[in-house]
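Survey of secondary and tertiary structure
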Amino acid sequence: MLVSVIYSAVSMVNTTGIPVFEYAIVFGLVLFLLIKDILSVSEVQRKTIISSLNMVIGPLLVLFIATVVYKIIEIL
């Protein structure tokens, strides 16, 4: 069972180590940024929710930047 989990995790990454789910990364990043923007102007502005959204947005932003850099290098 552990081997199948490791194999499925490795198969989600191409040869350079960039995730192949670039559309999911972009969709998730846009979704969480919209949620954060909506919550920042609402009356229910709680620091824990904003902090949780920041913890999600940070890694997605890093993955987005890595994907964009990879695509630019791939084109060149």
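These notes cover the structure that comes with them. Computed from a predicted structure; not experimentally measured. In this convention, every chain numbers its residues from 1, walking through the sequence in written order. Per-residue local features of the predicted model are confined to residues with pLDDT of at least 70, and side-chain atom pairs are confined, for both listing and counting, to 80 or more; whole-chain, interface and lining totals are unaffected and use all residues. Excluded from the side-chain calculation are hydrogens and water; included are all heavy atoms of the structure.

**Focus on the overall build of the protein chain**
Where helices and strands are cited, they refer to DSSP runs of H or I of at least four residues and of E of at least two residues respectively, numbered from the N terminus. Scanning the protein chain from terminus to terminus reveals 3 helices and 0 strands. Reading the protein chain from its N end, one meets helices and strands in the order α-α-α. Only protein chains enter the area calculation, which uses a 1.4 Å probe; residues under 20% of their type maximum are buried, those over 50% are exposed, and those in between are partly exposed. Burial analysis of the protein chain (76 residues in total) assigns 12% to the buried set. Only the protein chains shown count as covering a residue, and every accessible area follows the Shrake-Rupley method with a 1.4 Å probe. On the protein chain, roughly 6,100 Å² of surface is accessible, and the fraction owed to carbon and sulfur atoms is 76%.

**Some words on the nonpolar core**
Counting 5 residues, the largest nonpolar core is built from Ile 25, Leu 29, Leu 53, Ile 57 and Leu 60. Within the residue set of this core, elements represented by two or more residues are α2 (22-41) and α3 (47-75). Take this core: its biggest share by element is 3 residues, from α3. Take the buried residues of types Ala, Val, Leu, Ile, Met, Phe, Trp, Tyr and Cys, join any two whose side-chain atoms come within 4.5 Å, and each joined set is a nonpolar core.

**Considerations on the environment of Val 68**
Looking at where Val 68 falls in the secondary structure, it is placed in helix α3. For Val 68, a relative accessible area of 35% puts it in the partly exposed group. Along the primary structure Val 68 and Glu 22 are separated by 46 residues, whereas in three dimensions their C-alpha atoms are 9.1 Å apart.

**Re α3**
For a helix, the expected span equals 1.5 Å multiplied by the residue count minus one. In a regular helix each residue adds 1.5 Å, so 29 residues correspond to 42 Å; α3 covers 41 Å between its end C-alpha atoms and thus fits that length. All of the buried residues along α3 are Ile 50, Leu 53, Ile 57, Leu 60 and Thr 67.

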